[in-house]
Amino acid sequence: MVTIRLARAGAKKRPFYHIVVADSRSPRDGRYIERLGFYDSAPAGQHDNQSEGLRLNVERVDYWLSQGAATSARVARLIKHNRRFSVPEAPATAE
């Protein structure tokens, strides 16, 4: 079975996660099929650089979900959070 889950990266006590599509039998940080984005669990401002906390390729997530991929609980919450806050802006009307 294929799952969309987190793979841990980063230094000790500074976690950083890749959102990946992987076979459910592969290890957490092992081989994966495709990388869909990342999640930085540290609060904003904790690191030296002020980077975004979540980036996700929603088109590829939708593709894998349509193919029957399951999500972990945390990734499902991240996808829901990303969809809620990434509402496309309305096109400007010319008058």
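Refer to the structure printed above.
Procedures and definitions
- Residues numbered from 1 in each chain as written.
- Predicted model: local features only at pLDDT ≥ 70, side-chain atom pairs only at ≥ 80, totals over all residues.
- Heavy atoms only, no water.
- Salt bridge = Lys/Arg side-chain N within 4 Å of Asp/Glu carboxyl O.
- Helix = DSSP H or I, 4+ residues; strand = E, 2+ residues; numbered from the N terminus.
- Buried < 20%, exposed > 50% of the residue type's maximum accessible area, 1.4 Å probe, protein only.
- Axes fitted to C-alpha atoms, helices over the stretch in contact; angles between N-to-C directions.
- Parallel < 35°, antiparallel > 145°, perpendicular 65-115°, else oblique.
- Left-handed = near helix turned anticlockwise from the far one by under 90°.
- Contact = heavy atoms within 4.5 Å.
- Nonpolar A, V, L, I, M, F, W, Y, C, P; charged D, E, K, R; others polar.

## A word on the pattern of salt bridges
Phase 1 of the analysis: Tallying each qualifying case throughout the model produces four salt bridges.
Phase 2 of the analysis: The shortest N-O distance in the salt bridge between Asp29 and Arg28 comes to 2.9 Å.
Phase 3 of the analysis: Between Asp62 and Arg83 there is a salt bridge, and its shortest N-O distance comes to 2.4 Å. With Asp62 in helix α1 (residues 58-66) and Arg83 in helix α2 (residues 73-85), this pair connects stretches of sequence that are 21 residues apart.

## Some remarks on the environment of Ala73
Phase 1 of the analysis: Within the secondary structure layout, Ala73 lies in helix α2.
Phase 2 of the analysis: Along the sequence, Ala73 and Ile4 sit 69 residues apart, while their C-alpha atoms lie 9.8 Å from each other.

## Digging into unusual backbone geometry
Phase 1 of the analysis: Of note in the backbone geometry, Lys13 takes a positive phi value of approximately 65 degrees without being a glycine.
Phase 2 of the analysis: Judged by relative accessible area, Lys13 falls into the exposed class, the value being 71%.

## Regarding the packing of α1 against α2
Phase 1 of the analysis: Their axes nearest at 12 Å, the elements α1 and α2 cross at an angle of 135 degrees. If you check the angle between α1 and α2, you find them oblique. Between α1 and α2 lies a crossing whose hand is left-handed. Judged by residue contacts, Val58, Val61, Asp62 and Leu65 of α1 engage Ile79, Asn82 and Arg83 from α2.
Phase 2 of the analysis: When its residues are assigned to classes, the contact of α1 with α2 shows four nonpolar, one polar and two charged.

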